[in-house]
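The chain contents come next:
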Amino acid sequence: MNRRSFLTGTVAMGGLAAVLGLPATADEGPFEITLSEETWRARLTPAQFAVLREEATERPFSSPLNEEYRSGTFHCAGCDNPLYESATKYDSGTGWPSFWEAIEGRVATKEDWSFFLGTRTEVHCARCGGHQGHIFADGPAPTGMRHCINGVALRFVAA
């Protein structure tokens, strides 16, 4: 994925996101943090690069953050943007860290057409564009949403 396809997809997703109560889509302008592929590769582990920059998915139940329930904040592993508060984390049983809400304004969404059964809502860091995971409408109250996030895309900062 390149920034142009991400930004084009975010425009189309805006109306649906509003109807579903999802986070707003990214602006059409450049991200606050924009680095070359070479710089991202040097900054991230191979697994982080695959998920954050190439939209890969880590194996379920492989992240230690799946079991992290201390008080704190989950940050983007690419740019250190705080994305999720620990108070919104819950055990979805899916094998990935799950949250019912992101910190306001910290994530952006776009429509993901790669899923063979239909479209999904992809979630990215609003600051660097790093792929985090997907959002589904099968989460707990109060939002009913499940942000299913790759643990390798996150860094936990204890309170």
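This is a predicted model, so every value here is computed, not measured.

(A) Layout of the side chain of Ser86. In this fold, Ser86 is placed in the loop between strand S2 (82-85) and strand S3 (89-90). Residue class for Ser86 comes out buried when judged on its relative accessible area of 16%. Sequence-distant contacts of Ser86, defined by excluding residues within four places in its chain, comprise Arg70, Ser71, Gly72 and Phe74.

(B) How the structure looks around the nonpolar core. Formed by 25 residues in total, the largest nonpolar core has its most connected members in Phe74, Cys76, Leu83, Tyr84, Cys128 and Leu154. Within the residue set of this core, elements represented by two or more residues are helix H3 (46-54), strand S1 (72-76), S2, strand S6 (120-125) and strand S9 (154-158). No other element matches H3, which puts three residues into this core. Discounting residues that sit within four places of it in the chain, Phe74 has contacts with Leu65, Glu68, Asn81, Pro82, Leu83, Tyr84, Ser86, Lys89, Phe99, Leu154, Arg155 and Phe156.

(C) Region of interest: the environment of Asn81. Counting through the fold element by element, Asn81 comes out in the loop between S1 and S2. Considering only alpha carbons, one finds Asn81 and Arg127, 46 residues apart in sequence, at a separation of 6.8 Å. Ignoring sequence-local partners within four residues, the contact set of Asn81 consists of Phe74, His75, Cys76, Arg106, Cys125, Ala126 and Arg127.

(D) Local environment of the pattern of salt bridges. This structure, assessed with the given rule, holds eight salt bridges. Salt-bridge contacts for Glu32 lead to Arg127; the nearest nitrogen and oxygen are separated by 3.5 Å. A residue pair is termed long-range when its members are at least 10 positions apart, and Glu32 in the loop between helix H1 (3-20) and helix H2 (37-43) and Arg127 in the loop between S6 and strand S7 (131-136) qualify at 95 residues. A relative accessible area of 25% places Arg127 in the partly exposed class. A salt bridge links Glu122 to Lys110; its shortest N-O distance comes to 3.9 Å. You can see Glu122 sitting in strand S6 and its partner Lys110 sitting in strand S5 (residues 107-112), a full twelve residues away along the chain. Its relative accessible area of 2% is what places Glu122 among the buried residues. For Lys110, a relative accessible area of 9% gives the class buried. Through salt bridges with shared partners, one network takes in Glu37, Arg41 and Glu54.

(E) Spotlight on the sheet that holds S9. With antiparallel pairing, three strands are arranged side by side in an open sheet as S2-S1-S9. Of all the strands in the sheet, just S2 and S9 have a single pairing partner and so form its edges. Averaged over all adjacent pairs, the angle separating strand axes in this sheet is 30°, with direction ignored. The pairing of S1 with S9 spans five bridges and is antiparallel. Looking across to S9, one finds that His75 is bridged to Arg155.

Thresholds applied
Residues numbered from 1 in each chain as written. Predicted model: local features only at pLDDT ≥ 70, side-chain atom pairs only at ≥ 80, totals over all residues. Heavy atoms only, no water. Helix = DSSP H or I, 4+ residues; strand = E, 2+ residues; numbered from the N terminus. Buried < 20%, exposed > 50% of the residue type's maximum accessible area, 1.4 Å probe, protein only. Contact = heavy atoms within 4.5 Å. Core = buried A, V, L, I, M, F, W, Y, C linked by side-chain atoms within 4.5 Å. Salt bridge = Lys/Arg side-chain N within 4 Å of Asp/Glu carboxyl O. Pairing = 2+ DSSP bridges. Axes fitted to C-alpha atoms, helices over the stretch in contact; angles between N-to-C directions.

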